[in-house]
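Analysis of the macromolecular model
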Amino acid sequence: MSLSDVFPEIVRPDEPLAPHTWLKVGGPAQYFVEPTSEAQLAAVLRHCRDEDIPVRVLGGGSNVLVRDEGVGGAVIHLVGEAFQSIRIEQNRVVAGAGALLSHVISETVRAGLAGLETLVGIPGTVGGAVKGNAGGRAGEIGQFVRRVVVLDRGGERFVREGDELTFGYRTSSIAEPVILEVELELQPGDPDQITQRMRKLWIQKRATQPLAHQSAGCIFKNPRGMSAGDLIERAGLKGTRIGKAEISDRHANFIVTEPGATSADVLRLIELARSTVAEQFGVELELEIQIW
Ligand code: EPU
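What comes next is a walk through the structure. Note that the coordinates shown come from a computational prediction; the quantities given were computed from them, not determined experimentally. (Residues numbered from 1 in each chain as written. Predicted model: local features only at pLDDT ≥ 70, side-chain atom pairs only at ≥ 80, totals over all residues. Heavy atoms only, no water.)

Things to note about the site of the ligand
In the neighbourhood of the ligand, 21 residues make up the surrounding shell, with Arg137, Tyr169, Asn222, Glu233 and Glu288 lying closest. In the model, an oxygen atom of the ligand is placed 2.7 Å from a nitrogen or oxygen of the Glu288 side chain. In isolation the ligand has 810 Å² of accessible area, and contact with the protein removes 74% of it. When residues of the shell around the ligand are traced back to their parent elements, those giving at least two are strand 9 (135-136) and helix 7 (228-234). The leading source of residues in the shell around the ligand is helix 7, at 3 residues. For the shell around the ligand, the residue count by class is 5 nonpolar, 9 polar and 7 charged. In this structure, the shell around the ligand is formed jointly by two domains, domain 2 (84-194) and domain 3 (210-291), each of which donates at least three residues. (Near = heavy atom within 4 Å. Polar contact = N/O pair within 3.5 Å; in protein donor to acceptor, adjacent residues only side chain to side chain. Areas by Shrake-Rupley, 256 points an atom, 1.4 Å probe, with all protein chains shown as cover. Helix = DSSP H or I, 4+ residues; strand = E, 2+ residues; numbered from the N terminus. Nonpolar A, V, L, I, M, F, W, Y, C, P; charged D, E, K, R; others polar. Domains from an automatic or database assignment.)

Description of the sheet that holds strand 19 (residues 255-257)
Backbone hydrogen bonds are what pair the strands of a sheet, in a parallel or an antiparallel way. The 3 strands lie next to each other as 17-18-19, forming an open sheet whose pairing is antiparallel. Bordering the open sheet on either side are strand 17 (241-242) and strand 19, each of which pairs with just one other strand. Relative to strand 19, strand 18 (residues 245-247) is paired through 3 bridges, and the arrangement is antiparallel. The residue of strand 19 that forms the bridge with Ile247 is Ile255. Here helix 8 (residues 263-281) sits on the sheet in contact with strand 17, strand 18 and strand 19, set at roughly 25 degrees to strand 18. (Pairing = 2+ DSSP bridges. Contact = heavy atoms within 4.5 Å. Axes fitted to C-alpha atoms, helices over the stretch in contact; angles between N-to-C directions.)

Some points on the sheet that holds strand 6 (residues 86-89)
Read across the open sheet, the 5 strands follow the order 6-7-15-11-12; overall the sheet is antiparallel. Either end of the sheet is taken by a strand with one partner, and the two such strands are strand 6 and strand 12 (157-161). Neighbour-to-neighbour, the strand axes of this sheet turn through a mean angle of 15 degrees, independent of strand direction. Here strand 7 (residues 92-96) pairs with strand 15 (residues 178-185) via 5 bridges, running antiparallel.

Let's talk about helix 8
The end-to-end C-alpha distance of helix 8, which contains 19 residues, comes to 27 Å, matching closely the 27 Å that a straight helix rising 1.5 Å per residue would cover. What helix 8 keeps buried is the set Ser263, Asp265, Val266, Leu269, Ile270, Ala273, Thr276 and Val277. Contacts from the buried residues of helix 8 go to strand 4 (64-65), helix 7, strand 17, strand 18 and strand 19. At the C-terminal side of helix 8, Gly282 shows a positive phi close to 65 degrees. (Expected span 1.5 Å × (residues − 1). Buried < 20%, exposed > 50% of the residue type's maximum accessible area, 1.4 Å probe, protein only.)

Structure representation (structure tokens):
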């Protein structure tokens, strides 16, 4: 029996993934799963483990490139009340992994809690942000994380805290397939001052990044002590187009797409940037985005 026969109310077979991602390209998921409770999610995970069905979690779709042929197995999407709640408890915020990071930021700033305003402009869900330690020059989300609730491959629930949580540049030690909930510790402050700081950072970011376009944020990690955007620009690739995809002429570490673009267009630009930078500067660029 297929996953959609076992869980018909929450599994859609062959769901196109492009509309669920910021790049808006790529093929379908064999099974697209939108559970409505933790128990249902755990049951899906157990079934997938028993039947050897690969499982992926789609957050906000802002850091992923789906190949044109799509993905086999289950793609889990944590939307709905059970996975998107945001609760402030003194100087902590407890958020469902599916909550948008932008919502968590605005709720905490409004409550006079400082820290997350440095992450303004970062798209995606808070679960995705924690898994990949999203951040930028002003800070990273990992520095605020005190506790995460995860489900393992068999749907069993664990709490990870303290030493069990370590964060590096766009990485975390969280190995379980599903993050359910995160708890972040922030600093009490004056809401007006925090808002001011957030506005300033937003203006800086908007001036240097193509935030209004279909993109997946930075494509490559910055090599130690260097900027991938600077290297790609110096390789003369800013504005290069393949099909309906383009290396952004605003920031060379972004690829932007137009309607009609394919995943193959984006992959060819990635390859071009990687090979040209390697040839000209002897630097191997490493991907920041996930390719599915
Ligand atoms: N630069 C260029 N040409 C470009 C882009 C950048 O010369 O096309 C130069 C800039 O002039 C600047 C330097 O490179 O001197 C750094 O640029 P920027 O301040 O834009 O930062 P970045 O290193 O390119 C990082 C993060 C961003 C984050 C910003 C701001 C990575 C890969 N990127 O970008 O994160 O928003 O700092 O905090 O770490 C992301 O991870 O998806 C992302 C967008």
